[in-house]
Structure formats: C-alpha cells, structure tokens
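Chain by chain, the residues:
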Amino acid sequence: MTTDRDDRRSTDDHGHDVIDPLYVGIVTVSSSRAGSDEDDPDDPGGDTIQECFEAEGHEARERLLVRDDYASIRTAVRGLVARRDIDVVLTTGGTGVTADDVSPEATSSLFERELPGFGELFRSLSWDEVGTRAMASRATAGIAVDTPVFCLPGSTNACRTACEQLIVPEAPHLAGLATSHRADVTEGSLSDYGDGE
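Quick caveat, the model's predicted, so the values are computed rather than measured.

### Remarks on the pairing of strand β7 (residues 140–144)
When you tally the buried positions in β7, you get 5 out of 5 residues, the bulk of the element. As paired elements, β7 and strand β8 (residues 147–152) share 5 bridges and run antiparallel to each other. Residue pairing for β8: alanine 141 is matched across the bridge by phenylalanine 150. Linking β7 to β8, which pair antiparallel, is a turn of 2 residues; within it valine 145 sits at a positive phi near 50 degrees.

Spelled out as structure tokens, the structure:
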C-alpha cells in the first residue's frame, strides 16, 4: 500500500531522495504561554516557523505548546517523530543557558544521529546579527526515528534566520535521505518506538 509520504517522494538533480511538500510538526516550549488561561496564546516563534515553511509550499500538520520541562518536551517530540504524516519536527524556545532551558537535552536524547553542522552554521549566521551573544545559543539538530529534528531559540528573528537560510532549503533533502531505507515500511512498524526511556 502506497503511503502519503511515498506519494511526495521524488529525486533531485543529483538522484537523491527528497520529500516535497513536507509535513511539519512544531513544538513551542514556553511555560508562560503553556500556563496561560487564553484559549489561543500568542506563539510568535511557532507562527514564524509555520510562515517560513508555508511560503515554500510545505504544510504545518501539528502545533503543540508545552512547558519548559524535560519530560514534556521529550514526550511531544517523541510523539511527532513516530508519526508517518510528519516529515520534520522543529522546537522553538528553551535553548539558552538558564536552569529551565532544557530543549536541547530533551530533544537530543531522542537522536539516533546528530547534525552538528546545523548548530555550527546557525551560530555563524547569528554572529552577524547578535555578535558574541551567538555563543549562548544551544540550537541543535539530529535525526530521531528517521525524522529530522531542529531545536531553535524562541526569538522570531532566530526562527526566521534558521528556517529561511538553513532548514527550509535543506529539509526536503534531509527528510528524503533519512527515510529512503524505509519507503515501504508501514505505520505499524513504528509502534515499537514506545517510550524509549
């Protein structure tokens, strides 16, 4: 049975697998917003990520809002990467150096393979915008259950820089390569991913 992802899989000019359009999962990490009494709290970082992907024809399939809490972040990301209809996951918020900034630890605990080049390039671009403060960003990326995961700061400028200059141009290629070996695998085979504690 052909899956939705298989319908969106093709190859680029170099013969590498790409998935286009992408279906995106976004996790906003913010205790203040997650604890808000509002039905629809402001989420500028998540909005920026969604806008950047949709501007290139991709689709945000799921948006979650969680507290600055290791278990909450990990659970949200783990649930998204196990879904067949999510090709790439991004978190926004919780990448700084305060005690409750645990997004990098929570997401990287799920990584099967790291993508250190993303953090290096992002901080290099950030240097041009914020100078030495770029060193305080712990933005990271990796592959979890064959899904690219990017852990971004909460600032809209940082989200836009990361998405427009790095992630959106490369994510279809990364998602295609990361899943090329299981193009014919069914949804049921992912159920073994479990809690992974």
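That covers the picture; the talk isn't over yet.
### Some thoughts on helix α4 (residues 70–81)
Along its 12 residues, α4 runs 17 Å from first to last C-alpha, staying within 8% of the 16 Å computed at 1.5 Å per residue. For α4, the set of buried residues is Ile73, Arg74, Ala76, Val77, Arg78, Leu80 and Val81. Considering only its buried residues, α4 is in contact with β3 (23–29), β4 (59–66), β5 (88–92), α5 (103–108), β7 and β8.

### Remarks on the pattern of salt bridges
Within the structure shown, the criterion is met by 14 salt bridges. The closest approach of N and O atoms between aspartate 17 and arginine 9, which form a salt bridge, is 3.1 Å. Comparing aspartate 17 with arginine 9 shows no difference in burial state: the two are buried. For aspartate 85, the salt bridge is made with arginine 61, and the minimal N-O distance between the two is 3.8 Å. One end of the pair, aspartate 85, is in the loop between α4 and β5; the other, arginine 61, is in strand β4, and 24 residues separate them in sequence.

### What to know about the packing of helix α3 (residues 44–54) against helix α7 (residues 156–179)
Look at α3 against α7: their axes get within 9 Å of each other, and the N-to-C directions meet at 30 degrees. In terms of orientation, α3 lies roughly parallel with respect to α7. Our pair here, α3 against α7, has a crossing hand that is right-handed. Residue-level inspection shows Pro44, Gly45, Thr48, Ile49, Glu51, Cys52 and Phe53 of α3 in contact with α7, the latter providing Thr156, Cys159, Arg160, Cys163, Glu164, Ile167, Val168 and Ala171. Partitioned by chemical class, the residues of the contact of α3 with α7 number 9 nonpolar, 3 polar and 3 charged.

About the criteria used
Residues numbered from 1 in each chain as written. Predicted model: local features only at pLDDT ≥ 70, side-chain atom pairs only at ≥ 80, totals over all residues. Heavy atoms only, no water. Buried < 20%, exposed > 50% of the residue type's maximum accessible area, 1.4 Å probe, protein only. Helix = DSSP H or I, 4+ residues; strand = E, 2+ residues; numbered from the N terminus. Pairing = 2+ DSSP bridges. Expected span 1.5 Å × (residues − 1). Contact = heavy atoms within 4.5 Å. Salt bridge = Lys/Arg side-chain N within 4 Å of Asp/Glu carboxyl O. Axes fitted to C-alpha atoms, helices over the stretch in contact; angles between N-to-C directions. Parallel < 35°, antiparallel > 145°, perpendicular 65-115°, else oblique. Left-handed = near helix turned anticlockwise from the far one by under 90°. Nonpolar A, V, L, I, M, F, W, Y, C, P; charged D, E, K, R; others polar.

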